[in-house]
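One-letter residues, chain by chain:
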Amino acid sequence: RGVMVVPPKFRNLHLQPDGNIVINPQRFYGLITVDGKKLLDPIYDLITYYPRDRIIRVEQGEKVGYAELKNEELVWIWEMGF
């Protein structure tokens, strides 16, 4: 009928090969697990995931950072910087 009973929280969801989900609520990106645990707040301009090494590259303006997924926790390899 086109009636929205519960409005969606995120505009886009992108399932990653490891089961985590990249979220895009408006125009920024974040990262959550399948069970809803937030790994990265949706404040990034771009998130690129490299599944073989489980490394995540995040971009925010001119800043770039790299993180690694270890035991379902996000560990920064290289903090956000230029």
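Details of the structure are given in the entry above.
Bear in mind that the values here come from a model prediction, so they are computed numbers and not experimental data.

Asks: Can you help me understand the pairing of strand β3 (residues 29-32) in this one?
Replies: Taken residue by residue, a regular strand's side chains alternate between the two faces of the sheet. The sheet contact formed by β3 and strand β4 (residues 38-44) spans three bridges and is antiparallel. Each residue of the ladder has a partner; that of leucine 31, found in β4, is leucine 40. Here β3 hands over to β4 after five residues, with glycine 36 in that stretch at a positive phi of 95°.

Asks: Looking at this structure, I do not really get the pattern of salt bridges. What am I missing?
Replies: Two side chains with opposite charge may pair up if their charged atoms get near one another. Per the counting criterion, the structure on display carries five salt bridges. With a closest N to O distance of 3.3 Å, lysine 38 and aspartate 41 form a salt bridge. Measuring nitrogen to oxygen at the nearest pair gives 3.6 Å for the salt bridge that ties aspartate 53 to arginine 52. Using a relative accessible area of 39% as the deciding quantity, one classes aspartate 53 as partly exposed.

Asks: Help me understand the packing of aromatic side chains in this model?
Replies: For any two aromatic rings, the description comes down to two numbers: the centre-to-centre distance and the angle of the planes. By the definition in use, this model includes one aromatic pair. Between the aromatic rings of tyrosine 66 and tryptophan 78, the centroid separation amounts to 5.7 Å while the plane-to-plane angle is 5°, which identifies the pairing as stacked. Taken together, the positions of tyrosine 66 in strand β7 (residues 63-70) and tryptophan 78 in strand β8 (residues 73-81) put the pair twelve residues apart, joining distant regions of the chain. Its relative accessible area of 22% is what places tyrosine 66 among the partly exposed residues.

Asks: Explain the sheet that holds β7 here, please?
Replies: Either a parallel or an antiparallel arrangement is found when strands of a sheet pair, and the pairing is made through backbone hydrogen bonds. Read across the open sheet, the four strands follow the order β5-β6-β7-β8; overall the sheet is antiparallel. Since the sheet does not close on itself, it has two edges, and those belong to β5 (46-50) and β8, each with one partner. Strand-to-strand, the axes of this sheet are offset by a mean angle of 20°, without reference to chain direction. Alignment of strand β6 (residues 55-60) against β7, held across six bridges, turns out to be antiparallel. Its bridge partner being in β7, glutamate 59 is matched across the sheet by valine 64.

Here is what the cut-offs are and how they apply
Residues numbered from 1 in each chain as written. Predicted model: local features only at pLDDT ≥ 70, side-chain atom pairs only at ≥ 80, totals over all residues. Heavy atoms only, no water. Pairing = 2+ DSSP bridges. Helix = DSSP H or I, 4+ residues; strand = E, 2+ residues; numbered from the N terminus. Salt bridge = Lys/Arg side-chain N within 4 Å of Asp/Glu carboxyl O. Buried < 20%, exposed > 50% of the residue type's maximum accessible area, 1.4 Å probe, protein only. Phe/Tyr/Trp six-rings, centres within 6.5 Å; stacked < 30°, edge-to-face > 60°. Axes fitted to C-alpha atoms, helices over the stretch in contact; angles between N-to-C directions.

By themselves, these observations are geometric and do not establish any function.
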